[in-house]
Amino acid sequence: MDLLEVEKLKTQALTDLDLVDSLTKLEEFRVKYFGKKGLVTVVTKDIVSLGADEKKALGRALNEVKSVIQGSMESKKLELEKSIPSQLPEFYKSLPGTRPEIGHLHVITQAIREIVDIFKPLGFTRVRYPEIDWEYFVFEALNIPEEHPARDEWETFFVDISRDEKYGRTVITPHTSSGQVREMLKGNLPIRMLNISRCGRRQADVRHLPTFYQFEGLVVDKGINISHLKGVLNYFVKNFYGPEREIRLRPYDFRFTEPSFEVDVLCSNCLGAGCSLCKEGWMELGGAGVVHPKVLEYGGIDSKEYSGFAFGWGVERTYMMKSGTQIDDIRHLFANDVRFLEQF
Ligand code: PHE
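Predicted, not measured: the structure shown is a model, and the values here were computed from it. (Residues numbered from 1 in each chain as written. Predicted model: local features only at pLDDT ≥ 70, side-chain atom pairs only at ≥ 80, totals over all residues. Heavy atoms only, no water.)

How would you sum up the side chain of Glu-316? Please name residues and give values.
Looking at the element boundaries, Glu-316 is found in helix H10 (residues 315-320). The charged side chain of Glu-316 is buried without a salt bridge, its nearest counter-charge being Arg-317 at 7.9 Å. Leave out the neighbours within four places in its chain, and Glu-316 touches Ile-108, Leu-209, Phe-212, Tyr-213, Ile-330, Leu-333 and Phe-334. (Helix = DSSP H or I, 4+ residues; strand = E, 2+ residues; numbered from the N terminus. Buried < 20%, exposed > 50% of the residue type's maximum accessible area, 1.4 Å probe, protein only. Lys, Arg positive; Asp, Glu negative; His and termini not counted. Salt bridge = Lys/Arg side-chain N within 4 Å of Asp/Glu carboxyl O. Contact = heavy atoms within 4.5 Å.)

This is the structure:
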């Protein structure tokens, strides 16, 4: 041990200290030099074992070095403490934490579950049928033959697969009514079907999406008539929207029901008074009617013995008509902006 080494120790320590940029590293530095086996500590012990003269000279030099290092450590500490806000230590006990985000079901999944729950006590069972299906189930078996102009209403996407001789072309189902004849062909009577599935149509604006969900009810039994249909629709609307929302049936024309209706419900905003949202007090839900005998025959059911009713509505549209939702553009539902979705 000589003066040179003591001097080297100082240079090394000051260089190390320069690199210290956090309180944790400063503590590491302290241990490295002044800890039990620290570099300064060890040298101090060495000097103690030297002869008197040497001890005196080196001891003084070492004490100076020690105080230089300790002084620099002190100023380093002050400097670091001042800059704490911009470089927080790894763990700050008193700082309020950020809660981990917990997701929830998509608003349309919630709506579908609510619809299923409302229909369940009436004996309806949820089923699903292909989302890509043949024209036969989508149109033909619903009494809409190939060249019939009514097909235009369904703005259908065709799939590029070669035509089947019996079932025709392949399409993305434009409505859940394609499940009606499929359900009948299962041969289990009576029927209380709730078919909820994804549909596609060539459309896109504030009220329409190219892909959306529909829920379709179908009841087939002996002695079913229009009053059963009205009762079920009324029951659903009161449960889904609330007791103040009345329904109204408007005559319409669907080829697969006769008579056919459009079902309206009192506007969520004005409850019938008329406002900018609904114009004349009512909002349109969707179609319904008494199953056409020809459709029953396509499903292998004797239309003299059995009758039925059906209804089919868009899930998104139905949900948007709940009071208080205030969704002015249907496309928000699937834009996947969390700021929008987390509200529901
Ligand atoms: N499928 C029809 C539509 O999408 C609605 C409907 C269903 C009408 C059942 C009558 C009976 O427009």
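Help me get a handle on empty space enclosed by the protein, residues and values and all.
This structure, assessed with the given rule, holds one cavity of 30 Å³ or more. Taken as a whole, the largest cavity holds about 40 Å³ of empty space. Every residue along the wall of the largest cavity is listed here: Tyr-129, Pro-130, Thr-173, His-175, Thr-176, Ser-178, Gly-179, Asn-195, Ser-197, Arg-198 and Cys-199. If you list the elements that add at least two residues to the lining of the largest cavity, you get helix H7 (178-185) and strand E5 (191-200). With four residues, the single largest contributor to the lining of the largest cavity is E5. (1 Å grid on protein atoms, 1.4 Å probe; cavity = no way out; pocket = protein on both sides within 12 Å on 5 of 7 lines; lining within 4 Å. Points joined across faces, edges and corners; volume = space filled by probe spheres on them.)

Lay out the site of the ligand in plain terms, naming residues and giving numbers.
Neighbouring residues of the ligand: 15 residues in total, closest His-175, Ser-177, Arg-201, Gln-214 and Gly-312. Note that an oxygen atom of the ligand is positioned 2.9 Å from one of the side-chain N or O atoms of Arg-201. Gln-214 places a side-chain nitrogen or oxygen 3.1 Å from an oxygen atom of the ligand. Notes on the ligand: free accessible area 330 Å², of which the protein chains cover 93%. At the level of elements, strand E6 (211-221), strand E9 (282-291) and strand E10 (307-314) are the ones that each hand at least two residues to the shell around the ligand. Looking at the shell around the ligand, the element that brings in the most residues is E10, giving three residues. (Near = heavy atom within 4 Å. Polar contact = N/O pair within 3.5 Å; in protein donor to acceptor, adjacent residues only side chain to side chain. Areas by Shrake-Rupley, 256 points an atom, 1.4 Å probe, with all protein chains shown as cover.)

Can you explain the packing of helix H3 (residues 39-48) against helix H4 (residues 52-82)? Please cite residues and give values.
The geometry of H3 relative to H4 is characterised by a closest axis approach of 10 Å and an angle of 165 degrees between their N-to-C directions. As far as their axial angle goes, H4 and H3 are roughly antiparallel. Of the two possible hands of crossing, H3 and H4 adopt the one that is left-handed. On H4, the residues that touch Val-40, Val-43, Thr-44, Ile-47 and Val-48 of H3 are Lys-55, Leu-58, Gly-59, Leu-62, Lys-66 and Ile-69. By residue class, the composition of the contact of H3 with H4 is seven nonpolar, two polar and two charged. (Axes fitted to C-alpha atoms, helices over the stretch in contact; angles between N-to-C directions. Parallel < 35°, antiparallel > 145°, perpendicular 65-115°, else oblique. Left-handed = near helix turned anticlockwise from the far one by under 90°. Nonpolar A, V, L, I, M, F, W, Y, C, P; charged D, E, K, R; others polar.)

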